[in-house]
Amino acid sequence: MACSILASVHISSIYPDSLAGNVPIDTARSDVPIPEADPDVLLEHASFSSAFSSPSTGTILLRIIHGGLVLELIPLSTGTPIRFSFPAPIVPSPAILLHQLSELRIFVVTSYGSLFVLTFPVSPTQNIPVFDVTPPARVWYKEYLITAPSTEFEGPVHVKDIDCILIGNKKGKFLRLDCGLDYSIWHESVHRIKTSWASYLIPDSDESHIISFASHPPPTDSALIFSLSRDRTLRAWNHGTCVASYSIKSISRSSLPPLSRGESPMNDSRGPLLGPEPQQLIRVLHTSGDDIAVDDNLRVLVFMPTPAALESGGWFHLFRISPSRAVNKELYHIQSIVCSHRTGGAELRDFMVHRSSLYALWDQKGQPVVESISFDPEVTDENEDGEVWYSTTYPPEAELTPDYLDELLLRSGGGSLVDTFMTAILRPGVFSHFTIETALQQYTDSLLSIPGVQSGPLRQSYLTLSEHIAAVVGCTVNVTVDPRTGIPQRANYWNALKRDWEGFVARCREIERSGRWPLSLGISQSGTVLLLERERAGCLATSDKPLELQDALNNDDIAENYPILQVGSVVRQRLSGAEIHARESQFDIMVSQERGYSYAETLEHCVLSLEEPRQDLTESLREHLADISELSVHFEQVLEVITSTQGDIKVEEADEDAASALDTIPCHRFLATRWSRGVTIAYVHASIEARYKLCLSLVLLLFHIGDRRKELSPVLLARIFATFRNLIILSYLAWQPAGDPDGTQPASSTDPDLDILHGFQNMSVSSQRPVTKEARRMFIPTYSLNYRLMEVADPPEAALPQSALAHLLMTNLLSSQDAAEVTQHEVSLCKWLLDLGFRDVALEIVGRLPRSPGISYVHGLILVQIGRTDDGASLLRRVGASFGPEASLSEEDSQALLHVLPKLEESYTEYSYYRWIATMFEGAGYLSESVQFHKLAIELASAEVDSSDLWRKVIAGYIELEMFEEAYMALVTAPYESIKRESVSQLVQAMCEANAVDRLMSLNFVGLPNEVENALSFKVRNADPLSRPMYPQVLYAWYVFRGDFRNAAATMYQYARRLSSCMGVTQQFVQLSEMQAHAYLVAMNALSLIDSKSAWISMPVVPDVISQNRKRKLTKNIPDEKYHLGCRDAEVVDLADLRHEYTLVNSRLELIKRQPDLLAASQHFLSGPQIVSAYAQAGSYDYAMSAARSLGVDMRELFERLTIQCLRLTRRGEAALQDDAGDWLRTERVLSWPGTVVERGWRYLRVTLEQHDAEEDEYPYRKAAVEKILEHDRTRALPSWLVNFFCEHQPEYLIRTCLRFDLVDDAIEHSLGLVKKANAPLPRMAPQRAAATWLPYGLIDAVIDAAETHLNLTPDTHNRLADLRSEIATRVRRIQKLSEVK
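Since this is a predicted model, take the numbers as computed values, not measurements. (Residues numbered from 1 in each chain as written. Predicted model: local features only at pLDDT ≥ 70, side-chain atom pairs only at ≥ 80, totals over all residues. Heavy atoms only, no water.)

### Here we look at a negative patch on the surface
To be explicit about the condition: Within this analysis, patches are made of residues with over 30% relative accessible area and no salt bridge. Like charges are joined at 9 Å or less; nonpolar side chains (Val, Leu, Ile, Met, Phe, Trp, Tyr) at 5 Å or less. Note that accessible areas follow from Shrake-Rupley with a 1.4 Å probe, and for residues the cover is restricted to the protein chains shown. A pair is scored as a salt bridge if a Lys or Arg side-chain nitrogen falls within 4 Å of a carboxyl oxygen belonging to Asp or Glu. Lys and Arg are tallied as positive, Asp and Glu as negative. Neither His nor the chain termini are counted. Think of each charge as sitting on NZ of Lys, CZ of Arg, CG of Asp or CD of Glu. Every helix listed is a DSSP run of H or I at least four residues long, and every strand listed is a run of E at least two residues long, numbered separately from the N terminus.
A grouping of Glu-548, Asp-551, Asp-556 and Asp-557 is seen on the molecular surface, where their side chains present a negatively charged patch. Relative to the helices and strands, Asp-556 is located in the loop between helix H8 (545-554) and helix H9 (563-574).

Okay, structure coming up:
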């Protein structure tokens, strides 16, 4: 029998509990308590596990977990597990049966006496069960309430067929359930073992207790059921009746003869009782025969343990049932097989017969061991020679003991303690996700149980499990300070931290050891022997040659045809662990360095670099090597074994698969099962470890064979160097997880920076196909990087070891012949890892390979993706020289480089390469590097190549990078005029948005000023006037810098006009008004710099925007031949118009600031008169008069209001100030005047009238004041200063006003004064000038007439009237006299 190994994978790593759907199952029983899981039970560790295989369903794993409360089904062909939560613990052993190839039935018995039958259809096209549990589409489970008392149930449960179930009870009883034809009614019958007549009265519960049932595998016509009780009695039952029995005696020593036929079982010494727990100790076999009855060909294989014997774990006994047709039959012993000496002290967990071999699963101190032997159930004679038992175990695996962890810390070379422990814990296959999570929970609970202050990390939540471990483990360890010296005790801190981590690792080891406890054996659909453990599922696989040789080395049983390995084993035994590590590390350093010397010189330097060469070992090896003449041949022989990847695989097919796998990354397909991939990767890891140890033996020999190193050719040394290097790479890959154990993928897209990196990654894969939504939703196991590689490559499905060899052949690293050269496969592997997102792993492998163009290209991509963009761009720039005319690449380097480049060109040139790299950087968002490579492409472009798109990208890149001077230089040097015109607006807009207006003004734009003005003008017209940048201000600055003040003023004037249309929002009125006032002010400043004769601007007339306060001078009579009908009338705006607009806006702004309530009342859009009126209402007469004067608003109403205020002051005094605003009396100027408030008020009126009342308008404001006083109280005398003013300047108005208000006395007085004033100069006047004097005689006559008709004249008034008449008469006479003199 060929050498084989065990390969297993953690179920929780490839089928996590988050992937499985949990379906609760209800019960009709009302007395069932709520089930509670035992807190000491590890939930994901199965207490029972079995495998069911059929061509119609594939292989299905059945597991009882969560302390017996949950039944889990894992179809290995679909990879979608499902769980069923039962209301009570499950009695072992549930079973799966296939009914009529179309229906899958699961039989489950609970401890509270319920039989559940779960029924699921089988897909006829896909050959998989359909677990449809969606109600009420179908009734997928039924419950039968067993009437027998459930307290009697102890198990085991045996399902003979879909219509017959047996349940073991206490006291030698068992319950048989038979189903009718309709499968809905079950009939119960209780049977018991009858050892004697006395047993009916006093049954022997200990001896007769049944611990195992067996029957012919269903479907079957056999009616026999076999049982084994604790007293080692085998019985055959037919419909509840015991038809045969056989008592098997105990054999304590292997030298004793086995049972023979014809012995009476009643006379045998039975020995100690078997254990009371249900066990798998019986198997029923069927052999081919001519007998018609099925039972005549049955064979029963029984195992009898011998726990007290150290020579063997027990015996297998084969029995046959008698072919008699009678009711009672007999059991005949056929043969016995003693177990191997290796099973002494071990416990049998399961056994089975498969393909003429007997397989036995043993538990050796928690480690599973499968032993097999050739077995033929039809042989009836004892085999005198005896068959040999073959033992199959797991390959040697280093346990994470404290000593091994110390060795890892030594190998890390002073690296981080936490990183070293984390790497060891997360190594694929060492601990499962459940193990780590449980250990972490136990560790956290233990810390939380300690009284006192609890560390903060224990209460926090974490994104990933690895982050949780790193934060929590060791969080309570702190640096202490020596109380005497005050020096921090760093050494004690590191020792305590190391012990804390070792304690956590010990927890993981303990849980993992429990999870690796073997449970049962099984057969897969393909015929592979399965090994089921509590938390793992594996299989037996034939060892490849390296595993076989390494196993022989471990057992000191190396074949004679490999003498060099015998010598190598001597070296490893003579060297200490530290010495082996020193040589291994030194050789690794030499292999990973660039080659500067020959391999022989490099090896010699390696040997001399050791501190202690161990000459004694060299001399000892010389004797061992004396018999080996051709050393090179033996080295090559071992190298062939180490690098062999062929096996039974066809070379042509394997090469094609490997090439296609490395060429592209297909979308995730699940043709092969997750479990098969998992065990394949476990096998691959074991094979890589064995190959590395064999190669290390050769390397250690090189250090100590002395002068015989000269016998090794340079080609052989090159191959040894290359093989060792690539095995280190493969070992490194085997150690790498594919993400966090909880399923978190590396480089999550939640970070925006990583999205850019993914963009760069996607740009680098030319033939990548899109991943479907279904594939994205599928869980991707992350515990092993090699698993991910195998899953993505999706090689053809094959059994072990062919699938493992196919995976090694896919990477093809073991085919390298020279460490100084890089093959296409090595470059492709690095690129493949990079494309999958494992940048750190790819970077580590690239660091071990020579700097070929292909490796440099991949290295550059890696550096870019990890953020070292400058270094990556530098490497990618150097690769471009490989395409130049002076490049001298080897054929291998050229093919490797072209293999990782996208298939965009048939043949790459420097120009096409740099253009492709620039496109990658552009797609990933690295503009600076993209511009650099675009410029390189422009420099290398031939004259026939149209490089206009490259120039556009260079200019656009510089603009986006805000390198505006460089963009300007590229713009002016571009050989394409169209590009210049297109790019000017982009550059101008970008500089404005970047607030680089000063830099924009410093650029000349030779030959392109009109384009700049057009770009800015377009933005001024179309951009939001409130958003930044303020394009009107930029265009204004552009015109000012070039001395065009008229256009500068027009720009700001237009901007102010546009702001008017944005003032509908009340909240922004103040801000907009300030901006508008500033715009008008700037326009005024610009227009003031022009000659006053031409200080105007012409604007097109927009009716909706024409000022409401002034009429513009519009051009008329425009010649039709010069301006067509589409042209608008022109509006000429001069400096005065600008001042008017500015004053209006500024007045509104000041008014709003003084009276914010105007905004709430929507009265902020006030005209000039309204502004003046608002100021007056607020008592701000100074502001009102200033605004009215600037805006040209008539101030009559203003002075009338002011006059009324003075009258109120006169009547009420200071009390009038409380009723109305009196700001005008509280100004600094008014307060400085002497007198009372009333006096200051009338003085304010007089002063303001003197300032604003003009003679050219005939003093309208004084007249308004006079009339308002008289209207208010005509009996009140007018102020003397006002009367004197009118007497001096317009006495006629004063007289006329008195008449109008019926003040006859005042009219007579003022008329008399006027006449006297006119008569006074007459005596001194020359006769010639007498006629020049004038009096309003008509008005005086009207006064006299009014006086004559007035009834209430006082005596003084009559006297003055007489005087008036006298003066008039006197004047007339004098005038006549003077006229006569003339």
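### Description of the sheet that holds strand S20 (residues 298-305)
Under the convention used in this document: For two strands to be treated as a pair, DSSP must find at least two bridges joining them. Angles run from 0 to 180 degrees between N-to-C directions of axes, and those axes are lines fitted to C-alpha atoms, restricted for helices to the stretch in contact.
A sheet is described by the order of its strands in space; here four strands give the open sequence S19-S20-S21-S22, paired in antiparallel fashion. At either end of the open sheet lies a strand with only one pairing partner, and these are strand S19 (282-286) and strand S22 (331-338). Strand-to-strand twist across the sheet, computed as the mean angle between neighbouring axes with direction ignored, equals 25°. In the sheet, strand S21 (residues 314-321) pairs with S22 via seven bridges, with the strands oriented antiparallel. Bridge assignment links Arg-320 to a residue of S22, and that residue is Tyr-332.

### Section: the pairing of strand S1 (residues 4-10)
Here is the rule: Whether a residue is buried, partly exposed or exposed follows from its accessible area with a 1.4 Å probe, protein chains only, as a fraction of its type maximum: under 20%, in between, or over 50%, in that order.
The buried fraction of S1 amounts to seven of the seven residues, a majority that puts the element mostly inside the structure. Here S1 shows two buried faces, one formed by Ser-4, Leu-6, Ser-8 and His-10 and the other by Ile-5, Ala-7 and Val-9. Where S1 lies against strand S29 (residues 536-542), seven bridges are found, and the strand directions are antiparallel. Across the sheet, residue Ala-7 finds its bridge partner in S29, namely Cys-539.

### Section: helix H38 (residues 1168-1177)
Our working rule: Any two residues whose heavy atoms approach within 4.5 Å at even a single point are treated as in contact.
Taken across its ten residues, H38 has seven buried, putting it largely inside the fold. Restricting attention to buried positions, one finds in H38 the residues Gly-1168, Ile-1171, Val-1172, Ser-1173, Ala-1174, Tyr-1175 and Ala-1176. Lining the buried residues of H38 we find helix H36 (1135-1154), helix H39 (1181-1191) and helix H40 (1196-1212). Looking one or two places after H38, you find Gly-1179, whose phi comes out positive at around 85°.

### Notes on the sheet that holds S29
Read from one edge to the other, the open sheet built from four strands follows the order S1-S29-S28-S27, with strand pairing classed as antiparallel. Only two strands of the sheet have a single neighbouring strand rather than two, namely S1 and strand S27 (518-523). With direction set aside, neighbouring strand axes in the sheet form an average angle of 25°. Pairing analysis gives five bridges linking S27 to strand S28 (residues 529-533), with the strands arranged antiparallel. Bridge pairing in S28 links Gly-522 to Leu-530. In the packing of helix H15 (residues 674-704) onto the sheet, the strands contacted are S1, S28 and S29, and the crossing angle to S1 comes to about 125°.

### Notes on the packing of aromatic side chains
Spelled out, the test is: Note on aromatic contacts: the rings of Phe and Tyr and the six-membered ring of Trp form a pair at centre separations within 6.5 Å, being stacked when their planes are under 30 degrees apart, edge-to-face when over 60 apart, and tilted otherwise. As a reminder, the over-ring test applies to NZ of lysine and CZ of arginine, requiring each to be within 6 Å of the ring centre and within 35 degrees of the ring normal.
Under the counting rule described, the total for this entry stands at 36 aromatic pairs. An angle of 80° between the planes, with centres 5.6 Å apart, marks the rings of Phe-303 and Trp-362 as edge-to-face. In this pair, Phe-303 sits in strand S20 while Trp-362 sits in strand S24 (residues 357-364), placing the two residues 59 residues apart along the sequence. A residue is classified by how much of its surface remains accessible, and Trp-362, at 0% relative accessible area, is buried. Through a chain of ring-to-ring contacts, the aromatic side chains of Phe-84, Phe-86, Phe-116, Phe-120, Phe-131, Trp-140 and Tyr-141 assemble into a single cluster. Its guanidinium or amino end placed over the ring of Trp-517, Arg-349 lies 4.4 Å from that ring's centre, counting from NZ or CZ. Across from the ring centre of Tyr-394, 4.5 Å away, lies the NZ or CZ of Arg-536, which sits over that ring.

### Concerning the pattern of salt bridges
Counting across every chain of the model gives 43 salt bridges. Between Glu-982 and Arg-952 there is a salt bridge; the shortest N-O distance is 3.2 Å. Of the two residues, Glu-982 sits in helix H30 (residues 977-993) while Arg-952 sits in helix H28 (residues 948-960), which places them 30 residues apart along the sequence. With a relative accessible area of 38%, Glu-982 lands in the partly exposed category. One salt bridge connects Arg-1196 with Asp-1194, and the closest N-O pair in it is separated by 2.8 Å. Residue Asp-1194 is classed as partly exposed on the basis of its relative accessible area of 40%.

### Overview of the packing of helix H24 (residues 869-879) against helix H26 (residues 910-924)
Two quantities define a packed helix pair, namely the angle between the helix axes and the distance between the axes. Threshold: Orientation is classified from the angle alone, with under 35 degrees giving roughly parallel, over 145 giving roughly antiparallel, 65 to 115 giving roughly perpendicular, and any other angle giving oblique. Each crossing is labelled by how the near helix is turned from the far one, with a counterclockwise turn of less than a right angle marking it left-handed and a clockwise turn marking it right-handed. Three residue categories are used. Nonpolar comprises Ala, Val, Leu, Ile, Met, Phe, Trp, Tyr, Cys and Pro, charged comprises Asp, Glu, Lys and Arg, and polar comprises the others, including Gly.
Their axes nearest at 10 Å, the elements H24 and H26 cross at an angle of 160°. In terms of their interaxial angle, H24 and H26 are classed as roughly antiparallel. The crossing of H24 and H26 is right-handed. Contact with H24, carried on its side by Thr-869, Ala-873, Leu-876, Arg-877 and Val-879, involves Tyr-913, Tyr-914, Ile-917 and Phe-921 of H26 and no other residues of that element. A per-class count over the contact of H24 with H26 returns seven nonpolar, one polar and one charged.

### Some thoughts on the confidence of the model for the protein
Put simply, the test is: Along the chain, pLDDT gives the predictor's confidence residue by residue, from 0 to 100.
Mean pLDDT for the protein: 82, with 86% of residues reaching 70 or above. This stretch, residues 198-203, has a pLDDT under 50; its non-local contacts, to residues over four places away or in other chains, come to seven contacts. Predicted confidence for residues 252-268 stays below pLDDT 50, and this span has 26 contacts to residues more than four positions away or in other chains.

### Overview of the nonpolar core
For the record, the criterion: To form a nonpolar core, buried Ala, Val, Leu, Ile, Met, Phe, Trp, Tyr and Cys residues must be joined to one another through side-chain atoms within 4.5 Å.
Membership of the largest hydrophobic core comes to 204 residues, with the highest contact counts inside it found for Ile-564, Phe-587, Phe-635, Trp-675, Tyr-857, Tyr-913 and Phe-1005. Considering each element in turn, this core owes the most residues, 18 residues, to H15. Counting 66 residues, the second largest nonpolar core, distinct from the first, contains Leu-1144, Phe-1199, Leu-1202 and Val-1247.

### Points about the pairing of strand S12 (residues 164-169)
Among the six residues of S12, six are classified as buried, and the element is accordingly described as predominantly covered. Of the two faces of S12, the one carrying Cys-164, Leu-166 and Gly-168 and the one carrying Ile-165, Ile-167 and Asn-169 are both buried. Where strand S11 (residues 153-161) lies against S12, five bridges are found, and the strand directions are antiparallel. Paired with Asp-161 across the two strands is Cys-164, which belongs to S12. The loop that links S11 with its antiparallel partner S12 comprises two residues. Sheet analysis places S12 next to strand S13 (residues 173-179), joined by five bridges and oriented antiparallel.

### Topic: the environment of Arg-1246
When you line up the elements, Arg-1246 lands in helix H43 (residues 1237-1252). Separated by 35 residues in sequence, Arg-1246 and Trp-1281 have C-alpha atoms that sit 7.9 Å apart.

### Things to note about the environment of Leu-76
Of note, Leu-76 is situated in the loop between strand S5 (70-75) and strand S6 (82-85). Here the alpha-carbon distance between Leu-76 and Arg-674, two residues 598 residues apart in the chain, equals 7.2 Å. When residues no more than four places from it in sequence are discounted, the contact partners of Leu-76 are Tyr-15, Thr-59, Leu-61, Thr-673 and Trp-675.

### A closer look at the environment of Thr-241
Summarising the element assignment, Thr-241 is placed in strand S18 (residues 241-247). C-alpha of Thr-241 to C-alpha of Asn-328: the two residues are 87 residues apart in sequence and 9.2 Å apart in space.

### Quick notes on the packing of helix H10 (residues 577-592) against H15
Between H10 and H15, whose axes approach to 10 Å, the crossing angle comes to 90°. The pairing of H10 with H15 is recorded here as roughly perpendicular in orientation. Of the residues in H15, those touching H10 at Ile-580, Arg-583, Glu-584 and Phe-587 are Tyr-692, Leu-696, Val-699, Leu-700, Leu-702, Phe-703 and His-704. Of the residues in the contact of H10 with H15, the class split is eight nonpolar, one polar and two charged.

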